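Next come the chains, spelled out residue by residue.
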Amino acid sequence: MCLILVAWRAHPDFPLVVAANRDEFHSRPSAPAAFWPEAPAILAGRDLQAGGTWLGVTRSGRFAALTNFRDPARLRQDAPSRGTLVQRYLAADAAAPAAYLASLGCVAAHYNGFNLLVADRATLGYFSNCGGREPRRLDPGLYGLSNHLLDTPWPKVSRAKSSLAAALKALPESGPLFDMLLDDTPAPERELPRTGVSRDWERLLSSAFVRSPTYGTRSSTVIVLDPRGQLTFEERAFDALGAPVAKRRFELDPRPFMPNA
């Protein structure tokens, strides 16, 4: 993913709301969101080149998503796939978020830069292997994550967090959340981040929704946990022109997501 917005226990009726865009090269093969045949509890897309996934949920109420930390100077071609970090958390159904994130301390340096969000029914945690940060348990609130650390105020993160606050008022309607993810407004030149790529790339990547012939927003995902405990997972896919090409919607059985008594 390249933009993830999370409302964690910030709405009286919807304890978890996620809105995210996955940006990637159009030539990189991937599979759309589906239940995995070899792990039927996992609902996620799949990277068909390196394995793993960028975002997913499970029937038991676990959620995980990942962004890359943009730093071309530290990019290693022999590093393991970061997408396996999401996959392993979703598959480790008994591991609490804090325990899973703590377990990454001894292996995190082997990966290229990443940000990882993981949650179960009770807690939401965050960890990055950049900046010397320890895993964090996140309090209720609104969070934005792109290709730097959590809540770094890049223009697209700040705009999206403002839009998220407004979109929450329309729940359970998901349309405003998807509209927010379609924002293709580039950042003003003076506000462009400096992450080690060219200014043209900084400008291209500065909008929430990215359009270019070779690289862009491949899919948008909205996840909503509703008052009955039902989790809705919606995915919209886009072609190289940024035109919508597919929609998928999954409603997971509410019983596994009900809060513990």
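The following paragraphs examine the structure supplied in this document. Because the structure is predicted, anything quoted here is derived from the model rather than measured.

Turning to the nonpolar core, a few remarks are in order. Nonpolar side chains in soluble globular proteins tend to be buried together. Ile4, Leu55, Phe63, Leu117 and Phe233 are the most contacted members of the largest nonpolar core, which totals 31 residues. Residues within four places of Leu117 in sequence aside, it is in contact with Ile4, Val6, Phe63, Ala64, Ala65, Leu124, Gly125, Tyr126, Leu138 and Leu145. Residues Leu3, Ala19, Phe178 and Met180 belong to the second largest nonpolar core, which totals 20 residues.

Apart from glycine, the bulk of residues carry a negative phi angle, and the bulk of peptide bonds sit in the trans form. Following Leu171, the chain continues to Pro172 via a peptide bond in cis, the omega torsion being 10 degrees. Within the secondary structure, Pro172 is located in the loop between helix H3 (155-167) and helix H4 (175-181). Even without glycine at this site, Asp151 takes up a positive phi of about 65 degrees. The class of Asp151 is partly exposed, set by a relative accessible area of 28%.

Attention shifts here to the side chain of Lys156. Along the chain, Lys156 turns up in helix H3. Buried within the structure, Lys156 lacks any salt-bridge partner; Asp23 is the closest side chain of opposite charge, at an N-O distance of 4.4 Å. A distance of 3.5 Å separates a polar atom in the side chain of Lys156 from the backbone oxygen of Ser207. Discounting residues that sit within four places of it in the chain, Lys156 has contacts with Cys2, Asp23, Ser146, Leu205, Ser206, Ser207 and Ala208.

About the thresholds
- Residues numbered from 1 in each chain as written.
- Predicted model: local features only at pLDDT ≥ 70, side-chain atom pairs only at ≥ 80, totals over all residues.
- Heavy atoms only, no water.
- Core = buried A, V, L, I, M, F, W, Y, C linked by side-chain atoms within 4.5 Å.
- Buried < 20%, exposed > 50% of the residue type's maximum accessible area, 1.4 Å probe, protein only.
- Contact = heavy atoms within 4.5 Å.
- Helix = DSSP H or I, 4+ residues; strand = E, 2+ residues; numbered from the N terminus.
- Lys, Arg positive; Asp, Glu negative; His and termini not counted.
- Salt bridge = Lys/Arg side-chain N within 4 Å of Asp/Glu carboxyl O.
- Polar contact = N/O pair within 3.5 Å; in protein donor to acceptor, adjacent residues only side chain to side chain.

Everything listed is a geometric property; what it means functionally is a separate question.
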